[in-house]
Each structure stands twice: as C-alpha cells, then as structure tokens.
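Each chain, written out:
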Amino acid sequence: MSTRTRPLPPYAAADLLAVVVLSAITLVGLTDSFAGIRWVLVGVAGVAIGLAWTLTLVTLRMGLGVVLPLLPVPYLLTAGLLALGSSGLLLGVPDIETIADVVVGTVGSWRVLVETAPLVDGEGSVLLIPYALGLFPAGAASALALRSRRAALPLLPMAAGLVVALVLGVTDPFSTLLQGIGFGLVSLAWISHRGLRFEAGRRSDAALGAVSARRLLVGLAVVGLVAAASYVVVDQPDGQRRFVLREAVAPYDSVYLETPLSAFRRFRDEGPGSYTNLADRKLFRVRGAGPGTRVRVAVMDRYDGTRWYADDDTSPDDFTDRFLRVPSRLDNPARGEEQLYTFFVRSTWDLPWVPTIGAMQAFEFYDDYASDRLPDLRYNRATDTAVLPGGLRVQEDYVLTAIPTPDKLTVRMKPFRRPDTTLQEAAEFLDVPAQAWSLGAKTQMAAVFRIADRLRERGRYSDGAFGWETRFDAGQDERRLDEGFVNAPIMVGNDEQYAATMALLANRIGVPARVAVGAVLGRNGVIKGKHLDAWVEIRVANGSWRVLPTRAFMGRRPPKRDSAPLPEVRLPPEQRPEDRPQQPEPEVREEAEAEDRQDEAADQPLPRWPLLLLVPLALGVVPLLKVLRRRRRRAASPTSLAYLGGWDELVDTAHDLGVAVPRSTRSAQATALGVPRSLARDADVATFSPDEPDTAEEFWALVDEGRAGLRSSARPVRRVLAPLDPRSLLRRRR
C-alpha cells in the first residue's frame, strides 16, 4: 500500500522564503535580552523544525484541520533535546520526564526571562522562548500559506510572534523601529505577491497577473492594522514607557526587607549581653580593592513617614530600577575598566543585603557548593545593590567583577533637573528647617551643603546605649526626626537619624537624595560592624549619584546632660517662603561639570526619527528607477533599440495599470491595449528591417499618447499606485 503524496503548489518557495525572513525579523527582537549565540541557533532550529513538520504533512495531503492542531507534537518531541539539552532516551527520543520539563518550562520560562536582568544566559528553560517563537509562527504561517487562498491570512501568526517577541524584550532596544519597518515592508511584498498569484489563477493565466486595486488596498489595510496594533509595544512618544512584560509583572518585593539603616545600632557598641551586636565582629574581608574604596551594602530610596526602605520603580526616567535575577554577565554600562573583587565572609551576615562595589558586571560564588543560591540573588542596576534572602553564611565567599564609579560631590555641581516629588512631599514636616537652613544659598547645591553644615554644628552624637543617653531612641519616623531630633531641645542621634534627616531635607529643597549604608575600606580590607556608616547620595545633572559623606552632616561631639536647650528652628518674618524672592542660579563653569554634561549627552539614545526617512526613501526608489529606465530606453543606440524600448515602455505601463497583456505578437498586444496597430507595425519594421530608422522621436510621441490613453481609462486608484508597482522592473523581456 503506497502513501499518496501531493507536490507543493507553485511559488511555495516564495512563501517559505517570506516566512523565514519574517521569522528572522521576529527573533531579532530578543537580541537585547539574551547573551551569546546559542539562543540564535535554538531559534533557527525552531523555524526549521516548524517548516519541516508543515511541509511533511502538506505533502502527505493533510489539511489545515490536521496540520495546525498537531504543531505542539514536534515542539514536545524536540524542545527537550534542542532547547533544554536533555538527552532523553535513545538518539534524543524524549522520555516522560523530558516532556514534563518542556511543559513546565514553557509555562514558567517567560517569568524567568522578565525577572532576570539582561543579558540572560542562553541556557535552561528560557531557551524554550526563542524555540517556540521560531517553531509555532513559522509552522502555522507556512501551513496557512500552502493551504489557504487568503492572501493576508498567513501573516497573522507571524504578526502575533512579533508582538510576543517585543513584549518579552527590553524597554528600549534600538532594533524596534527597524523591526517595524522591515516587518511591514516584507509583509506588504508577501501579501501583494500572493494576491497576484491568486488573481492570475482565477484568470487561468500561467504568468503573474496584474494585482487589482482592491487586493492591493486590502494588503495595505492589513499592514496598517498590524502597525497600529503593534504601536503600543513598538514605540512610544518621548517620556513614556513602551509596554514590555518585564515592566508590567510585579517585581521582587524589597519593601519589607530589614535595612541596615533600621538595624544600625547593631553595628555600634551596645554593651554586654547583646548577642546580636556586630560592632567588633569581623564581617568581611575584601581583596582587590585599595584603601578608601567605598563598599555599598544597601541603598534606601523611599520614605513612608516611618522609615527609609528600598523600593522598585522609583525613578521616572530610569527603567533599570528593579531587583532582578543576576545572569552570568550583566548589561550594566559604566565608564571605566573592570576590576575583580573577592569578598570573604568571616561571620554570619543575617541581613539580606550583599555588599558590592561600583557597577557590578558579574557575580559568582567562590566555591561551587554555594552556587545553588545564585537563582535567589537579586540586583538593582539603578542603585547598584544586591539582595540575597537569608543573608550570607561563613565561607560563602563571592567574587565580583565591577567597574568603580565616580562618587565625589562638589558644591559647584548642579543637581538633577527633576526633583523626586514623592520624597519632596514626604519631607513636608521638615519644611521650616529646610528653608531656614538654606537661606542665603545662591544655588541648590550650595543649599545642600549649608544644610549639612547646620546639622553638623547643632547636632551631638550618641548611640543611646549607655547611662542617661538611653533616652535617645532609635528610629526614623517623623516624630523621631522632628521633635525628637531637629526640633528637640538637644539634637542627638547617630548615623540613622542624621542620614535620614539629611536626605529628607535635600529632597525638600528639590535636590534628589537617598540614603546608603556601607563602609570605606582601610588598609587591611577588613570590614567590622563598627566600620559601617550611613551617608547620603545626591543625584547630579548627568544622572549619576554622588556621595555626601557622613562627616559632612553628622556631629561627632557627645551630648552633655546639662547643656542649654537649642533655639527653636524658625524662619525670620522677612524670609517667609511665600515672600522670599527666588534667587537666580549663576552659571558656574568647571571642568568637572563640563565632563558631566558630556557624559549626559553620551548617555542619550540616538534619535529614531532619521529611521522614519527610510519609508519615503523606500517608496521613492521604484519611481526613480522607472524614470531612469525610460530615459535610457529613449536614448538607446542604435535607433532600432529606441523603438524596441518605446514598445516595452508601453507594455510596462499597461502592466503597472493592471491591464492584462497577452504573450503574443505586438499586433495582438496593440489590439488588447487599445492602441493603433500601426504603432506595433512600426516597432516590428524598426526591429527586423536591415535599415536603421533616422530617429525615434515621432514613434516615442505616439507611445506617450498611448500611455496617456491607458492612464486616462484606468481607475484613479490604479493611476496613483502605478508608479509604485515594482513588477515591471522585474518582468522578463522576450
């Protein structure tokens, strides 16, 4: 018994080529998400498997009702070997466990991708994403192309694949607009080609017939609908986020993590009997960093009236401010050379914060036994801080590859152009001190330093651990920072109160600020609890964060029990905020500031609007080529070639206008076109006569009249679209 097969339909190669090109354009959207090239090979394999499966079933005379529902079969049978690298049974045949891994991985791989900072390693379940985006759209589109006579229907799976790729990608890949243009042009060409074939088939013409205006308009409408539907995920106006899934899913919840700032008294001597005290305990030893290197443990960028804490999505213009899983290599741009730092854990560190230096590029545990904790590590590229639930145990040493970042702050720098309105409103209870202590400052940055000076001069230092000083409570709530600190008869606190207050005061006057906890390394690289400090980070004009060190705003003198009360913080009557004139900021020029402006300009993405010029340029190529072809034909030598070119020009005009031209003699063609048969006779005489005509100008004048007659009898839509029709440029000459 033989199996009946069916040959592929004509022009199947053109349909398959279009599917391959559109699949490539779709997979390009993942370039900024994955590292390496393995994901590319997996995606290509998916396209190949999808096409092979469809071609096999179509050749076996299977219909769409069988081909499309069976597409998951090759995916389940091959994804384990090609994407997950599972050997399965014999010769790659998957076992039940492998198929279960494919199903579970397909359901959860998208979340792993969007919760991991780019560039994601090309291994594990995330490779199921490019494999599925290659196999399913290519398989479905090729099946519809080979079995359906609807010109635009095969485009729908490819458009769905493009949307999925863009939604799973990063917020601002440079390839997005190029994808939109490329996908639209290839789609339009494919739809037009299919429409021509079906039109020719209805007319029983073996050649490609002329596409009707209705068919071309339908193709244009489909492409327009795809572009409109993709607008939300392809591009957005300036200042708005393009929708991607990694910005829509709920981020890692860092709000309720205990911060080193809230636990700061554990890092100071609390006397005997405190078993959780870390003041004199060796916590870490850092190798590879010199003295003076600043180690950042945690950054707190939100205040809720009770405490400072770390949050996600706090910056309106920085889309990297989320705690994400860490791949083997981070896409975390910074200027400078990479350096290697090794952190040796010397005591149990039960806080969920991992000390880091600069802009981290890679993270790995020193010993393999701790590597199973890597999936739990989260890193925030906006604050350059890392979180590991459960903290670090002794000997869970780790190695950082990082780029040191500049952190020096000077009074001549300008603050970031936009204040953090959320923190500015949260600091309203400190409005009077902020205004009173910034009086006389000529710039916002000068006001920050003036406020810091006032805090340091008025304040006294105490950890509230011994004797009568135990009255000075820990905490950062409004009551503790207001009447318990700034407006108290005696202003006493430690790093916790000083840093929390300083950051709020800076935000209140419109300068973005946040609180950080860390240590400045000494010569031996050892970090004890007592070495940890809390400082304030100020955002400057180029978007970077610079350090306002603890010594700039914190008083070090101990309090005296019988010291006189501090005067109440007030604004002079003549300097009320509503009456005080605005001080213009003088222009300050400094080399460092000039470098900051250059850095800011360098960080700005390239404008996208020049890419839009590709559309009119692409549309203008065909008319330009036709004009050049017409001039070449008219000036051809010898004159007989000019006659032959004139007739070809007439026939090409008819093709562009959708007029069917028979493959016959010129006389028969003249009858079909409705032009005088004498015109065809003159062309034949000039072509086959041994004598060359003197000139072809009169003949070309008659050709122009014939072309004008064809255009006048055509429908208006055809007349408009005829110059853009490229088919006459590809028509074979007899």
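If you're wondering where the values come from, they're calculated on a predicted model, not measured in any experiment.

About the thresholds
- Residues numbered from 1 in each chain as written.
- Predicted model: local features only at pLDDT ≥ 70, side-chain atom pairs only at ≥ 80, totals over all residues.
- Heavy atoms only, no water.
- Helix = DSSP H or I, 4+ residues; strand = E, 2+ residues; numbered from the N terminus.
- Buried < 20%, exposed > 50% of the residue type's maximum accessible area, 1.4 Å probe, protein only.
- Pairing = 2+ DSSP bridges.
- Phe/Tyr/Trp six-rings, centres within 6.5 Å; stacked < 30°, edge-to-face > 60°.
- Axes fitted to C-alpha atoms, helices over the stretch in contact; angles between N-to-C directions.
- Parallel < 35°, antiparallel > 145°, perpendicular 65-115°, else oblique.
- Left-handed = near helix turned anticlockwise from the far one by under 90°.
- Contact = heavy atoms within 4.5 Å.
- Nonpolar A, V, L, I, M, F, W, Y, C, P; charged D, E, K, R; others polar.
- pLDDT = per-residue confidence, 0-100.
- Core = buried A, V, L, I, M, F, W, Y, C linked by side-chain atoms within 4.5 Å.
- Domains from an automatic or database assignment.
- Polar contact = N/O pair within 3.5 Å; in protein donor to acceptor, adjacent residues only side chain to side chain.

### As for unusual backbone geometry
Phase 1: Backbone torsion omega between Pro118 and Leu119 reads 0°, so that peptide bond is classified as cis.
Phase 2: Of note, the amide linkage connecting Ser637 to Pro638 takes the cis form, showing an omega dihedral of 5°.
Phase 3: With respect to the helices and strands, Pro638 occurs in the loop between helix 19 (614-634) and helix 20 (639-656).
Phase 4: The residue Arg61 is not glycine, and still its phi comes out positive at about 70°.
Phase 5: Take Arg61: it is sitting in the loop between helix 2 (38-59) and helix 3 (64-67).
Phase 6: Exposure remark for Arg61: the relative accessible area of 34% places this residue in the partly exposed category.
Phase 7: At Asp384, a position not held by glycine, the phi torsion is positive, near 55°.
Phase 8: Structurally, Asp384 is set in the loop between strand 9 (378-380) and strand 10 (385-387).
Phase 9: Of the residues examined, Asp384 reaches a relative accessible area of 12% and is grouped as buried.

### Description of the pairing of strand 16 (residues 532-539)
As a general feature of sheets, a regular strand has side chains that alternate between the two faces.
Phase 1: Here strand 16 lies mainly inside the structure; seven of its eight residues are buried.
Phase 2: Looking at chain direction, strand 14 (residues 513-520) and strand 16 are connected through seven bridges and run antiparallel. Looking at strand 16, one finds that Val515 is bridged to Val536.
Phase 3: The pairing of strand 16 with strand 17 (residues 545-548) spans four bridges and is classified as antiparallel. Looking across to strand 17, one finds that Val536 is bridged to Leu548.

### A few points about the environment of Gln444
Phase 1: Here Gln444 is to be found in helix 13 (residues 444-458).
Phase 2: Accessibility expressed as a relative area gives 25% for Gln444, which makes it partly exposed.

### Observations concerning the packing of aromatic side chains
Phase 1: Tallying each qualifying case throughout the model produces 16 aromatic pairs.
Phase 2: For the pair Phe343 and Tyr398, a centre-to-centre distance of 5.0 Å together with 5° between the ring planes defines the contact as stacked. You can see Phe343 sitting in strand 6 (residues 339-345) and its partner Tyr398 sitting in strand 11 (residues 398-403), a full 55 residues away along the chain.
Phase 3: Taking relative accessible area as the criterion, Phe343 reaches 0% and is therefore assigned buried.
Phase 4: Ring centres of Phe363 and Tyr398 lie 5.1 Å apart, and the angle between their planes is 25°; this geometry places the pair in the stacked category. In this pair, Phe363 sits in strand 8 (residues 359-365) while Tyr398 sits in strand 11, placing the two residues 35 residues apart along the sequence.
Phase 5: A residue is classified by how much of its surface remains accessible, and Phe363, at 6% relative accessible area, is buried.
Phase 6: For Tyr398, a relative accessible area of 0% corresponds to the buried category.
Phase 7: Here a set of aromatic residues connected by ring pairs shows up, and it is made of Phe264, Phe267, Phe284 and Trp349.

### Some thoughts on the sheet that holds strand 1 (residues 282-287)
Phase 1: What the five strands build is an open sheet, ordered 8-11-6-1-15; its pairing is antiparallel. Looking at strand neighbours, the two that pair on one side only are strand 8 and strand 15 (526-528), the edges of this open sheet. Averaged over all adjacent pairs, the angle separating strand axes in this sheet is 25°, with direction ignored.
Phase 2: Where strand 1 and strand 15 come together, three bridges link them in antiparallel fashion. Pairing of Phe284 across the sheet is with Ile527, part of strand 15.

### Some thoughts on the packing of helix 6 (residues 128-147) against helix 7 (residues 155-168)
Phase 1: Taken N-terminus to C-terminus, the directions of helix 6 and helix 7 make an angle of 165°; their axes are 8 Å apart at the nearest point. Compared by their axis directions, helix 6 and helix 7 come out roughly antiparallel. Handedness of the crossing formed by helix 6 with helix 7: left-handed. Of the residues in helix 7, those touching helix 6 at Ile129, Leu133, Pro137, Ala138, Ala140, Ala141 and Leu144 are Pro157, Met158, Gly161, Val164, Ala165 and Leu168.
Phase 2: Grouping the amino acids of the contact of helix 6 with helix 7 by side-chain chemistry returns twelve nonpolar, one polar and no charged.

### Remarks on the environment of Leu729
Phase 1: Locating Leu729 in the fold gives a position in helix 25 (residues 727-730).
Phase 2: In this structure Leu729 comes out as partly exposed when scored by relative accessible area, which is 29%.
Phase 3: For the pair Leu729 and Lys626, spaced 103 residues apart in the sequence, the C-alpha separation amounts to 7.6 Å.
Phase 4: The contacts of Leu729, once residues within four sequence positions are left out, are Val622, Leu625, Lys626 and Arg629.

### Remarks on the pairing of strand 6
Phase 1: Among the seven residues that make up strand 6, five are buried, leaving the element largely enclosed by the rest of the structure.
Phase 2: The sheet contact formed by strand 1 and strand 6 spans four bridges and is antiparallel. By the bridge assignment for strand 6, Arg285 is matched with Phe344.
Phase 3: Here strand 6 runs beside strand 11; their pairing, made up of five bridges, is antiparallel. What sits directly across from Leu340, in strand 11, is Thr401.

### Thoughts on the confidence of the model for the protein
Phase 1: Taken over all residues, the pLDDT of the protein has a mean of 83, while the share at 70 or more is 84%.
Phase 2: Of the regions scoring below 50 in pLDDT, residues 578-593 engages in 16 contacts with residues more than four places distant in sequence or in other chains.

### Re the nonpolar core
Phase 1: If you look at the biggest cluster of nonpolar residues, it comprises 92 residues, and the most contacted ones within it are Trp308, Trp349, Ile538, Leu548 and Phe553.
Phase 2: Formed jointly, this core draws a minimum of three residues from each of two domains, domain 2 (254-403) and domain 3 (421-512 + 548-603).
Phase 3: The residues touching Leu548, leaving out its near neighbours within four places in the chain, are Leu409, Val448, Phe449, Ala452, Met502, Trp535, Val536, Ile538 and Phe553.
Phase 4: Ranked by size, the runner-up nonpolar core spans 46 residues in total, among them Ala18, Ala83, Ala141 and Trp190.

### Some points on the sheet that holds strand 14
Strands belonging to one sheet form pairs held by backbone hydrogen bonds; the direction of such a pair is parallel or antiparallel.
Phase 1: With respect to topology, four strands assemble into an open sheet ordered 2-14-16-17, the strand pairing being antiparallel. The open sheet has two edge strands with one neighbour each: strand 2 (294-300) and strand 17. Each strand axis lies, on average, 40° off the axis of its neighbour in the sheet, ignoring direction.
Phase 2: Both strand 2 and strand 14 contribute to a ladder of six bridges, which runs antiparallel.

### Points about the side chain of Asp656
Phase 1: For Asp656, the location among the structural elements is in helix 20.
Phase 2: Using a relative accessible area of 8% as the deciding quantity, one classes Asp656 as buried.
Phase 3: At 2.8 Å, the side chain of Asp656 forms a polar contact with the side chain of Lys626.

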